[in-house]
Each structure stands twice: as C-alpha cells, then as structure tokens.
Amino acid sequence: MTPPRARTWGRRGHTPVIRVRGRSRRRTSVAALCCYKPGEKSRLIHRPRQHLLLKGARKSFSWQDYRDLLVRAHIQLGGPIVVLWDNLNTHLAAGLKRYEAEHDWLTTIRLPAYAPDLNPVEALWSLVRRATANTAFATPDDLDRTLRRELRRIQLRPHLIDGCLNATNLTLTPPTPT
C-alpha cells in the first residue's frame, strides 16, 4: 500500500506530505505476458492475484499460477507460444520445467542472469508504476481497481505494447522454412 513516489509541484520549501495507513494484510501480485506475432496487433495477457499475509501463506505466484497463465495465453492466442523467461526462482521451478517439457506448443528461452533491459514486461511495469505514482490508496480494493484499469488501458493500446518490445532492441523474425 506504500505509494511509489514521483516528482510533484509544490511551493518551494514546503514538501507535500501524504499520509498513508500502516501495513495492509493483503499483497497484490500481477503476472503479465506481452504477446507479439508478426502482422498482428500486440496483446497483453495478465493475471492479478491477491494474497493474504498470514503466517506461512504464499506471498507470490507459484509455478502452478504461471502454468495457468501460459495455458490461458495458449487458448487465447490459438497457437504455439515462445516465452522469454527471466531467472525468477518460480520460473526455474522443477514443476514448471516438467510442464514445459511435456507440451510441444510451449518453447521457453531463458534470459541472461540479470537483464531487465531485455525483458519487455519490465517496460510494461514502468508504465503501470508511472500511472500510480503519487497516489495514496485508501484500501487494497482501490489499488486492485487502479491496477486493473491501467492494465486494461494498456491492453487497448497495442502501440504501447509494441513500445515495450522496441525498448528492448529485440526483433521478431519468423522462422525461415528450410
């Protein structure tokens, strides 16, 4: 619930102060896929998830959540998928690797150890953070509503998703038939 900070305008010497409540008992996680196919509009597939911060409860996505997101993307896109994974420990989980090996429609490529500049989704998070900067959310539901609205806004603007790919300097080249 702690808001990201950005620059703001205020009277010189009088820094604006926004009071926010203490800790919330919820955490919101979002997983997203930027989907590109030559000759078609870019798409964004995302899945927000709320976690209760209870003792022993999981505080992030599990490999099963990522598997479900990939299945959903496969159904929505209607074809094989090539996924660029960063080295998040959940992406490297044995269960997810096993799932990748069992399905021929799924191809995964691992990014180098620390390469956020090669991950188009990092640019997407930058867009979402920029839209939520300097906002104090009164309740976790306000945060969830704002996140969904911003992700939907990006979904409706394929040029923003294309910009995320352009920021990486990666290119899409369809395989050449041999």
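Residues numbered from 1 in each chain as written. Predicted model: local features only at pLDDT ≥ 70, side-chain atom pairs only at ≥ 80, totals over all residues. Heavy atoms only, no water.

Thoughts on the overall build of the chain
The condition that has to hold: We count a stretch as a helix when DSSP gives it H or I for four or more residues in a row; a strand needs E for two or more, and each element gets its number in order from the N terminus. Here the term buried applies to any residue with accessible area under 20% of the maximum for its type, exposed to any over 50%, and partly exposed to those in between, with areas from a 1.4 Å probe on protein chains only. Residue contacts are defined here by distance: any two heavy atoms, one from each residue, within 4.5 Å place the two residues in contact. All accessible areas in this document rest on Shrake-Rupley with a 1.4 Å probe, and a residue is counted as covered only by the protein chains that are shown.
From N to C terminus, the chain includes 5 helices and 4 strands. For the chain, buried positions account for 32% of its 178 residues. Considering only intrachain contacts with a sequence separation of at least 6, the fraction spanning at least 24 residues in the chain is 65%. Surface summary for the chain: the accessible area is close to 12200 Å², and the carbon and sulfur share equals 52%.

A closer look at the pattern of salt bridges
Rule in force here: Salt bridges are counted wherever a side-chain nitrogen of Lys or Arg sits within 4 Å of a carboxyl oxygen of Asp or Glu.
Under the counting rule described, the total for this entry stands at 7 salt bridges. Measuring nitrogen to oxygen at the nearest pair gives 3.4 Å for the salt bridge that ties Glu100 to Arg110. Placement of the pair is Glu100 in helix 2 (residues 94–102) and Arg110 in strand 4 (residues 106–110), with a sequence separation of 10 residues. The exposure class assigned to Glu100 is buried, which follows from its relative accessible area of 10%.

Examining the environment of Pro112
The topology assignment puts Pro112 in the loop between strand 4 and helix 3 (120–132). For the pair Pro112 and Asn87, spaced 25 residues apart in sequence, the C-alpha to C-alpha distance is 7.6 Å. Excluding residues within four positions of it along the chain, Pro112 makes contact with Asn87 and Leu118.

Quick word on the state of the cysteines
The condition that has to hold: Cysteine sulfurs are considered disulfide-paired once they come within 2.5 Å of each other.
Applying the stated criterion across every chain yields a total of 0 disulfides. Unpaired in this structure, Cys34 has its nearest cysteine sulfur neighbour in Cys164, at a distance of 5.0 Å. Cys164 sits in the buried class, given a relative accessible area of 2%.

What about the packing of helix 3 against helix 4 (residues 140–155)?
Note the cut-off: Helix axes use the C-alpha atoms of the stretch in contact, all axes being lines fitted to C-alpha atoms, and the angles between their N-to-C directions lie in the range 0 to 180 degrees. The scheme is simple: roughly parallel for angles under 35 degrees, roughly antiparallel for over 145, roughly perpendicular for 65 to 115, oblique for anything else. A clockwise turn of the near helix away from the far one marks a right-handed crossing, whereas an anticlockwise turn of less than a right angle marks a left-handed crossing. When residues are grouped by polarity, Ala, Val, Leu, Ile, Met, Phe, Trp, Tyr, Cys and Pro land in nonpolar, Asp, Glu, Lys and Arg in charged, and all others, Gly among them, in polar.
Across the interface, helix 3 lies against helix 4 with an axial gap of 10 Å and an inter-helix angle of 130°. One element, helix 3, and the other, helix 4, form an angle in the oblique class. By crossing handedness, the relation of helix 3 to helix 4 is classed as right-handed. For the pair helix 3 and helix 4, contact is made by Leu124, Trp125, Leu127, Val128, Ala131 and Thr132 and by Thr146, Leu147, Glu150, Leu151 and Ile154, respectively. Each residue belonging to the contact of helix 3 with helix 4 can be placed in one class, and the counts come to 8 nonpolar, 2 polar and 1 charged.

Here's the deal with the packing of helix 1 (residues 63–77) against helix 2
The geometry of helix 1 relative to helix 2 is characterised by a closest axis approach of 8 Å and an angle of 25° between their N-to-C directions. By the angle between their axes, helix 1 is roughly parallel relative to helix 2. Remark: the crossing between helix 1 and helix 2 carries right-handed chirality. Seen from helix 1, the contacting residues are Trp63, Tyr66, Arg67, Leu70 and Val71; seen from helix 2, they are Gly95, Leu96 and Tyr99.

Quick notes on the pairing of strand 4
To keep it simple, the criterion reads: Strand pairing is assigned whenever DSSP detects at least two bridges linking the two strands. Place the viewer so that the strands point away; then a crossover is right-handed whenever the path from the first strand over the helix to the second strand goes clockwise.
Two strands pair when backbone bridges link them, and strand 3 (residues 81–85) and strand 4 are joined in this way by 5 bridges, in the parallel orientation. Along strand 4, the bridge assignment pairs Val83 with Thr108. The parallel pair strand 3 and strand 4, bridged by helix 2, forms a crossover whose chirality is right-handed.

Spatial relationships are all this shows, so hold off on functional conclusions.
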